[in-house]
Structures are given as C-alpha cells and as structure tokens.
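# What the coordinates show
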Amino acid sequence: MKTRKATRSSSPSSPSLSPHSPITHQHQQQTLPLPLFSNMPRKSSLFKHTLLATVFFLLAIYALFTTFFHTPLPTSDPSSSDEDVDFSSRQNLNFPLELTDASNFANKVKVFMYDLPHKFTYGIIQHHGLARGGSPVADVTTLNYPGHQHMHEWFLFSDLARPQPDRLGSPIIKVTDPEEADLFYVPVFSSLSLIVNAGRPPGTGSGYSDEEMQEQLVEWLKEQEYWKRNNGWDHVIIAGDPNALYRVVDRVKTAVLLVSDFGRLRPDQGSLVKDVIIPYSHRISAYTGDFGVQERKTLLFFMGNRYRKEGGKIRDLLFQILEKEEDVVIKHGTQSRENRRAASRGMHTSKFCLNPAGDTPSACRLFDSIISLCVPVIVSDSIELPFEDIIDYNKFAVFVETTAALKPGYLVSLLRKVSAEKIIEYQKAMKEVKRYYDYTDPNGTVNEIWRQVSQKLPLIKLMINRDKRLVQKDLSEPNCSCLCSNQTGIISSL
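First, a word on scope: everything that follows refers to the structure included in this document.

What counts as what
- Residues numbered from 1 in each chain as written.
- Predicted model: local features only at pLDDT ≥ 70, side-chain atom pairs only at ≥ 80, totals over all residues.
- Heavy atoms only, no water.
- Helix = DSSP H or I, 4+ residues; strand = E, 2+ residues; numbered from the N terminus.
- Buried < 20%, exposed > 50% of the residue type's maximum accessible area, 1.4 Å probe, protein only.
- Contact = heavy atoms within 4.5 Å.
- Areas by Shrake-Rupley, 256 points an atom, 1.4 Å probe, with all protein chains shown as cover.
- Pairing = 2+ DSSP bridges.
- Axes fitted to C-alpha atoms, helices over the stretch in contact; angles between N-to-C directions.
- Disulfide = S-S within 2.5 Å.
- Parallel < 35°, antiparallel > 145°, perpendicular 65-115°, else oblique.
- Nonpolar A, V, L, I, M, F, W, Y, C, P; charged D, E, K, R; others polar.
- Core = buried A, V, L, I, M, F, W, Y, C linked by side-chain atoms within 4.5 Å.

### Topic: the overall build of the protein chain
Along the backbone of the protein chain there are 19 helices and 11 strands. Split into buried and exposed, the 494 residues of the protein chain put 47% on the buried side. Considering only residue pairs separated by 6 or more positions, the protein chain has 70% of its internal contacts joining residues 24 or more positions apart. Carbon and sulfur atoms make up 55% of the accessible area of the protein chain, which totals about 26400 Å².

What follows is the structure, given as structure tokens:
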C-alpha cells in the first residue's frame, strides 16, 4: 500500500500535487493554466487505469498460486457409490480408463495370461462332464464351467479372456505381449480338476487323473521362457481348494498363490506376504430384504457336514453342545441343490450363523453368511480372511475362541446378550462389504483380488533381484520371504 501511495503522489495528473512537489517548473506551467473542470476527466481516467492495473495484478497472483500450490481433484466416476469413497487406498478402481489420466493407466500392473493347452482348462470341464454321464464335444470351449464353491478360477480366467477395452475399471491391465508384462497368470482349473472324480465309485470315472494333470502342468511351466527367466517369482497361480496342486506345490511355491487359507501349506510354501487369500464363491442366494431382527426368529443357525478331519473335529463337539438348545438350528447336510435351498432359508431367517473350522480353517459358509446378512460367529482360531487391508471383520462378525465355544452354555449365552440394535449395526456393515464377496459384481471380488495381486509386485521384484546374488540352498526354517499365517489364536470379540 505504501508503494501505491508513493506512485500516485508522483503522478503528473494527480490532483494532490502541491507547488512543493519535485517536478520541473516547465511542467508546472503546462498544467496550472488548465481550467478546473478539465481535471475531472483526467481524474476518472487515472481511476480506471489504476483499477485495471489492480485487477490484472490480482489475477496474476491467483494464477501463480493455482499453478504452484493447488492440486487438482481426481476425476470422479458418475457410477461410483458413496461406499467406494471410503477406501482411499483403492486408486481409481471405479474409474473408467477414459476418465483417468494416461500416467495412471501406464502405472497399473500389466498381466499376461498364458494360453494354456486345453487339458489344463476346458479339457478339465469336459472330463468333469464325462465322469457324470456327459458326451464328448468337438469344441470344448463351448462347455459351461460347473458350479461349485471354488469357481474363483473361472471368474478370473473369464476376466482376463475379455479384450482390454471391455475391462474398464480393473486395477490391472491385460497385455497380449509377454514382453510388456509385469506378472504372468497361469489359469489352470486346479480346484475343478480335484473334484472331477469326486464321489464316483472306483472304475466308473472318465479315466482322468488330477495327479497327472499337476505333473504335466509343472513340466509345461518349466519349459516356458518367462518362468525360467525369474524362477517363477513373477507368476500367479490359483489353487483355491486347500488340496489343489497338493502334489506339486513345492515346485511352484515361488509364484504368488491364490488360496482360500494356509491350512494345507507349510510356512515355507505359503505366506501372507507372498500370497493372496481369496474368498470362496458363495453357493446360496443373497438376502434382499431390509435390516432387522423381527423376521429372524432363529438365534443361531448351522447347516453343513458334521464330521470333518483335523481342525474340523470341533464341529461334532459343537453339535453335541448346541443341538438341544432352544432357538438354535444345527443340522448335518452335504452339498446338494436341495440342501443349498434349505441353507438359504435358514440363514435368511437367523440372527447369527455359526462358522466353525472345516478340514482347514476356512469354509464357504462364512461368505454365505455375509451375503445373507446373518452375523457370522467364527470359531476357527487359525483362520485367515480375505482383503483385511481394507475390511475390518470385527465390524460385522463375532470371533469366539475354540476353548470358550466348547463350554456348555457359553456360546448361546454370549449371543443372547447382543441387542437388536447391535445386530442391525452388524447387518449394515455387512451390506457395505457384500460386493467384495460377489464374483459376479463388476466391481466386486475379481477386481479386489487383482488389486491384492498388484500390491505384491514390489516384493516380487525384490525377490527376483535377491535370487540373482544368493547361493541356492535348502532351509530348515522359513526365510525372510515368508510370514507365517496366524499362529497366535484369537480371543472372543464380544
């Protein structure tokens, strides 16, 4: 402001000039004879010039500020919901590629999917059908993948089989040139292979051997240039069923394994650092009603195989404790269409759904509970859960330690104390995360698995470079690339 006053006081046209102003006598003689009214236009003109100069000065300051200090907001997708905004770590998963800048597109992890021989994909579908009385077909790619709880391998395969322009919003980019790839996906139907002859009497199957398929897969992989280049560290292999690839897992353990849990894997084979926990594919219909407890008359519901091996032995013990409890429904049942309908009705009309360990710590029942808005009661001390970097399971599930759950009366007493308001709070939290367990949702499970996989890339690069300088040796203990799964157990969360 002081500068502006000094400037104005020295102006030849300023009305505040005095005879003592430091200007020449000649200049005074030129200005003083002017009539008084002639100063008014000059005064108006000076005001306009000063105003314009001020406006341009302020605009220049604003432009300077916005250029150097302002960060532009990201372009939003009109189809994204309020639920998506909460997960700030998910960069542009809901944003179509045409609405994002080119640099973000270039920074996404690029994945190449192997074009496997059909004996590792569609051929397994054919063998599954032949073992059940089907007929051979000339073109196996026309076959439909059969429904079961480990259909994740089909959904991931189908996603990468689509052209990249049809995959808008995916956190990864599909590439068709392996030289451009960061990661390599091996789309073997390992879980379906495991059950081709399941339940078939000896000698009545299709002559198919899961063990032979596993061996042939490893032989094929070992011949691939890109597997040999980095010893498989940059490969991704799905083994959703806990028993999938059991015969050869030691020979592919450098790859990122997509697994349901670590129940059948040694600490040097699977870890939370290297691998990705994925959800089972739910097998019952989703609940579409409102929040509330009035229509949910049953306190606790369970329907499944009572007799399991290993950690699943707890099921029989829970049956003995709970089967006589009032407002508790606990039934033995195996996988069948009718039993799935019964399970849907039971979960949709119950406040809580029991989720004990099976042969391994996880089971599909947990994800059936979530889409049913039936509060999961998890009795599985060594369970690992998918997507825990963005999902807090304590917001909608009840965790009970095994030893506590086996105390007569403890579990039902604990659950009866939970208020209706708290149950509704759990239901709302489940509805917010339901899409993460829906493989058919365009922004659901498939996208979330790829996001998890893409986050492994820095570690993969570390292990590739580390391998180049280390002498290969057998280790009796897990090395630094391994982080063991839950070995500490859990405490009751209520």
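Resuming the write-up.
### Side note on the sheet that holds strand β10 (residues 375-379)
What the five strands build is an open sheet, ordered β8-β7-β9-β10-β11; its pairing is parallel. The outermost strands of the open sheet, each flanked by one partner alone, are β8 (328-332) and β11 (398-399). Contacts from helix α12 (residues 314-322) reach β7 (298-304), β8, β9 (350-356) and β10 within the one sheet, and its direction differs from that of β8 by about 135 degrees. The strands that helix α17 (residues 420-433) touches are β9, β10 and β11; relative to β10, the one it contacts most, it runs at about 90 degrees.

### Some points on the state of the cysteines
The tally for this structure, following the rule as stated, stands at one disulfide. Through a disulfide, C353 is tied to C374; the S-S separation comes to 2.1 Å. In this structure the cystine formed by C353 and C374 twists about its S-S bond by roughly 105 degrees; its chirality is therefore right-handed. In this pair, C353 sits in strand β9 while C374 sits in the loop between α14 (365-371) and β10, placing the two residues 21 residues apart along the sequence.

### Structural notes on the packing of helix α7 (residues 152-161) against helix α18 (residues 445-454)
Viewed as axis vectors pointing N to C, α7 and α18 meet at an angle of 85 degrees, and their least axial separation amounts to 10 Å. If you check the angle between α7 and α18, you find them roughly perpendicular. Only V446, I449 and W450 of α18 make contact with α7, whose side of the interface consists of F155, L156, D159 and L160. Of the residues belonging to the contact of α7 with α18, the class tally is six nonpolar, no polar and one charged.

### Overview of the sheet that holds strand β6 (residues 276-277)
Strand pairing in a sheet relies on backbone hydrogen bonds. The paired strands run either parallel or antiparallel. The parallel open sheet is built from six strands, whose spatial order is β2-β1-β3-β4-β5-β6. Edge strands, defined here as strands with exactly one partner in the open sheet, are β2 (172-174) and β6. Where strand β1 (residues 109-113) meets β2, three bridges bridge the pair, whose relative direction is parallel. Across the sheet, residue V111 finds its bridge partner in β2, namely K174.

### Section: the nonpolar core
With 116 residues, the main nonpolar core has L258 and F396 as its most contacted residues. If sequence neighbours within four positions are ignored, L258 has contacts with L156, Y185, V236, I237, I238, A239, G240, V276, I278, I449 and V453. Within the second largest apolar cluster, nine residues are counted, among which are I284, F301, A342 and A343.

### Some details on the environment of I284
By the element assignment, I284 lies in the loop between β6 and β7. Along the chain, I284 and I371 lie 87 residues apart, while their C-alpha atoms are 8.6 Å from each other. Residues contacting I284, with those up to four places away along its chain left out, are R340, A343, S344, M347, D368, I371 and S372.

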